Amino acid sequence: MPRSQKTEGPATGPGTESAGQEQEARPRRRQARGERRIAQLLQAAAEVFCRTGYTAASTNAIAREAGVSPGTLYQFFPNKEAIAIGLGDQLLQQWQESQDRALTEENLGLPLDQLLDAALDPLIAFNVENPAFGVLLHGPDVPGPIAQEHNTLHEASLTRIEGMIAGFLPDTPPDERSRTANMLLALFKAGLDLIMSHDGAAREAYITELKTAMYRYLEPMLHDDEDDSGDGPTGHSP
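For clarity, every value in this text was computed on a predicted model and none was experimentally measured.

Caption draft 1: Broad picture of the overall build of the protein. Regarding its fold elements, the protein presents nine helices and zero strands. Traced from its N-terminal end to its C-terminal end, the protein shows the element sequence α-α-α-α-α-α-α-α-α. Taking all 238 residues of the protein together, the buried fraction comes to 37%. Put simply, 64% of the contacts in the protein that link residues at least 6 apart link residues at least 24 apart. Counting every atom, the protein has about 14,100 Å² of accessible surface; 51% of that belongs to carbon and sulfur.

What follows is the structure in structure tokens.
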């Protein structure tokens with residue numbers, strides 16, 4: 001009588017499934033460690049750029065700030081320019097998110113002083129929390145891709161501001177909206193330079209001054225727009 005033959009197939013069972021899950025988890029853990037290391041290096045680069053400027057910064061200084069060897073840094077970034085571009089991309093994304101919160105149509109129904117608070121506070125807070133943003137955007141020797149992104153950011157900001165003006169002052173002609181947007185952006189940049197160069201009570205005072213300057217610039221336009229539409233002025237002041 002022929003002996004029964006046992007057919008062998010791939011092993012299955014709890015132990016096999018556990019091994020498969022472990023193999024799948026390893027690449028995820030390596031990826032998570034890599035992402036944490038990149039974040040650590042970018043944070044260190046932000047500290048170094050703020051302290052020395054982009055031009056004087058070095059990969060050795062960034063590695064030292066991060067507490068890693070230069071060899072570890074080069075596993076993730078080939079040079080200082082690549083680090084700056086990576087940091088710039090990260091900060092530009094965060095800046096865009098701040099703009100989305102600040103320049104939203106939901107704020108258009110607010111009185112002018114409250115609208116300025118809602119629009120300016122997130123933008124100022126972002127720059128205060130991320131001083132490397134200004135260093136990278138306005139440095140004299142930043143990588144070309146960052147300079148190009150700065151030009152794109154400038155145009156996008158003007159477009160967003162013009163859209164806010166169109167919603168807040170709907171009767172304003174397009175050419176006047178464009179001039180007003182350019183003036184507001186110039187006021188913001190000039191005021192931000194003063195805000196960033198001071199701390200504590202002096203910084204708060206310059207924030208108030210910036211809002212007051214913008215209010216006094218915009219408030220007459222608001223009255224003109226209301227007079228043209230037949231509505232009376234509301235009269236808000238900071």
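Alright, that's what it looks like, and here's the rest.
Caption draft 2: Region of interest: the packing of aromatic side chains. For the structure shown, the criterion picks out four aromatic pairs. With a centroid separation of 5.4 Å and an interplanar angle of 25 degrees, the aromatic rings of Trp95 and Phe133 are classed as stacked. In this pair, Trp95 is assigned in helix H4 (residues 80–102) and Phe133 in helix H6 (residues 131–138), connecting sequence segments 38 residues apart. On the basis of relative accessible area, Phe133 is assigned to the buried category, the value being 5%. Connected via pairs of aromatic rings, a cluster forms that spans Trp95, Phe126 and Phe133.

Caption draft 3: Layout of the layout of surface pockets. Taken as a whole, the largest pocket encloses approximately 690 Å³ of empty space. Along its surface, the largest pocket is lined by 34 residues, and Leu123, Ile161, Leu184, Leu185 and Phe188 are the ones closest to its centre. When residues of the lining of the largest pocket are traced back to their parent elements, those giving at least two are H4, helix H5 (112–129), H6, helix H7 (144–168), helix H8 (174–196) and helix H9 (200–229). It is H7 that contributes the most residues to the lining of the largest pocket, eight residues altogether. Residues belonging to the lining of the largest pocket are distributed by class as follows: 24 nonpolar, eight polar and two charged. Estimates place the volume of the second largest pocket at around 170 Å³. Lining of the second largest pocket is provided by 13 residues; of these, Gln43, Ala46, Leu87, Leu91 and Asn130 occupy positions nearest its centre. Going through the elements one at a time, helix H1 (14–52), H4 and H6 are the ones with two or more residues in the lining of the second largest pocket.

Definitions and cut-offs
- Residues numbered from 1 in each chain as written.
- Predicted model: local features only at pLDDT ≥ 70, side-chain atom pairs only at ≥ 80, totals over all residues.
- Heavy atoms only, no water.
- Helix = DSSP H or I, 4+ residues; strand = E, 2+ residues; numbered from the N terminus.
- Buried < 20%, exposed > 50% of the residue type's maximum accessible area, 1.4 Å probe, protein only.
- Contact = heavy atoms within 4.5 Å.
- Areas by Shrake-Rupley, 256 points an atom, 1.4 Å probe, with all protein chains shown as cover.
- Phe/Tyr/Trp six-rings, centres within 6.5 Å; stacked < 30°, edge-to-face > 60°.
- 1 Å grid on protein atoms, 1.4 Å probe; cavity = no way out; pocket = protein on both sides within 12 Å on 5 of 7 lines; lining within 4 Å.
- Points joined across faces, edges and corners; volume = space filled by probe spheres on them.
- Nonpolar A, V, L, I, M, F, W, Y, C, P; charged D, E, K, R; others polar.

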